[in-house]
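Given next are the chains, with one letter for each unit.
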Amino acid sequence: MPRPARGLIGGALIRFVVGAVAVVAAVAIYATNYSHLTAGTIPLMHLAHDWGWTYDDVPDLAGATSVVTGASSGLGLAVAQGLAEAGAAVVATARSEAKCAATIAAIEARARTCRAKPRCVVMELLSLRSVARAAEELGALDVDHLVLNAGIMTPPFALSDDGLESQFQTNHLGHFYLLNALLPALRRAADARAAPSTVVAVSSIAHHFAPPDELWTAEALNDAAGYDRLAWYGWSKLCNVLTARELNRRERAAAAAGAAPKLIAHAVHPGGVRGKLLRFSKLPQRFIDAFEGAFYWSATDAALTVLRPLLDPAFKAPETAGTCLLYTSPSPRDKRQSRMPSSA
């Protein structure tokens, strides 16, 4: 059945506007070269840079166990698929049994050469009881790689099952709980391989938008009247950076006392990635789809920003750890530290 003329005109207008904005933005970005902060955030900001690391550089991961949270779609799924293709035993997390079944099928569909069957554990980050159940199951494994990826961005104000603002609990607190519960599993794997296990927290350049008055108390965090979607999102992403930084500080302190380093942590900004992060936007879905198609990285390309610090031996050195790595997808480029947590 032919589409109504109004729909055709509207769709063409959206594509024209997005295309025009893309061209103007490309020229402005290339001319001003904002690479000190934003290089690689979107493909248009990558025009002057080489691809420095690709899937051809991913090592053989046979015998390794990799845990990826929020792997049912988007970036998390692409990371899980990349790890499975390289031979890792991938354990994903998703919010329900149905999502877990779909996640396993999606990993196997791309990673046809899986040498270890992927698994999925149900984990709802908005419930610490659910996180605790997942942590108990995952804690029985020796975990070589932990990717803290699951997240939400700028939803309406809501509280978790535990009575805390939803972005903070999903993006930070639930992952912080999981990470602490899995520290023994990460250290066991390091002992078995005689090499540090790696943690990558998916942060965001939006950590620069964290409010100047930190949300350290439940009263401030749960202030519905003062709630700013982007500022609260930025706070949760800053907490990801701080978590990686503190984990490495503790590991360095242990190493200074004579212990072999067992963990390396990184917080990364993956750039704008096509997926579901914009689902709380009030814009029409077709506009969001057009915008992401014009400006955002595919999940497969963006996954390289997570996979490199997770797998590249050059990122195992303590001096490379604990930063918000603004080399971004998929160059990667210089390992620049974020300024935000420097005085935390």
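Basis of the calculations
Residues numbered from 1 in each chain as written. Predicted model: local features only at pLDDT ≥ 70, side-chain atom pairs only at ≥ 80, totals over all residues. Heavy atoms only, no water. Buried < 20%, exposed > 50% of the residue type's maximum accessible area, 1.4 Å probe, protein only. Helix = DSSP H or I, 4+ residues; strand = E, 2+ residues; numbered from the N terminus. Pairing = 2+ DSSP bridges. Phe/Tyr/Trp six-rings, centres within 6.5 Å; stacked < 30°, edge-to-face > 60°. Lys NZ or Arg CZ within 6 Å of the ring centre and 35° of its normal. Expected span 1.5 Å × (residues − 1). Bend = angle between axes of the 7 residues up to and from the residue. Polar contact = N/O pair within 3.5 Å; in protein donor to acceptor, adjacent residues only side chain to side chain. Core = buried A, V, L, I, M, F, W, Y, C linked by side-chain atoms within 4.5 Å. Contact = heavy atoms within 4.5 Å.

S.K.: Outline the pairing of strand S6 (residues 263–268), listing residues and values.
M.R.: Most of S6 sits inside the fold, with six of its six residues counted as buried. Of the two faces of S6, the one lined by Leu-263, Ala-265 and Ala-267 and the one lined by Ile-264, His-266 and Val-268 are each fully buried. Pairing of strand S5 (residues 197–202) with S6, which is carried by six bridges, proceeds in the parallel orientation. Bridging across to S6, Val-202 finds its partner in Val-268.

S.K.: Give a description of the packing of aromatic side chains that names residues and reports values.
M.R.: Under the definition given, this model contains three aromatic pairs. Measuring from ring centre to ring centre gives 4.8 Å for Trp-216 and Trp-235, while their planes differ by 80 degrees; the resulting arrangement is edge-to-face. Placement of the pair is Trp-216 in the loop between S5 and helix H6 (218–221) and Trp-235 in helix H7 (residues 229–256), with a sequence separation of 19 residues. Three or more aromatic residues joined by ring pairs make a cluster, and in this case those are Phe-157, Tyr-227 and Trp-232. When the ring centre of Tyr-55 is taken as reference, the NZ or CZ atom of Arg-110 above it lies at 5.4 Å.

S.K.: Any details on helix H5 (residues 166–193)? Residues and values, ideally.
M.R.: With 28 residues, H5 should reach 40 Å at 1.5 Å per residue; the first-to-last C-alpha distance of 37 Å fits that figure. Residue Leu-182 marks the point of greatest curvature in H5, where the axis turns by about 50 degrees; the proline Pro-184 follows within four residues. The distance from a side-chain oxygen at the start of H5 to the backbone nitrogen of Gln-167 is 2.9 Å, and the residue carrying that oxygen is Glu-165. Ala-194 sits one or two residues past H5 and shows a positive phi near 55 degrees.

S.K.: Please give an account of the nonpolar core that cites residues and values.
M.R.: Core analysis: the biggest nonpolar cluster contains 37 residues, and Leu-75, Val-79, Leu-83, Val-306, Leu-307 and Leu-311 have the highest contact counts within it. Those elements that place two or more of their residues in this core are helix H2 (74–85), strand S2 (89–94), helix H3 (97–110), S5 and helix H9 (299–311). Of all the elements, H9 adds the most residues to this core, at eight residues. Beyond its immediate stretch of four places on either side in the chain, Leu-307 contacts Trp-53, Tyr-55, Val-79, Leu-83 and Asp-312.

From the geometry alone we can't say anything about function, so treat these as descriptive.
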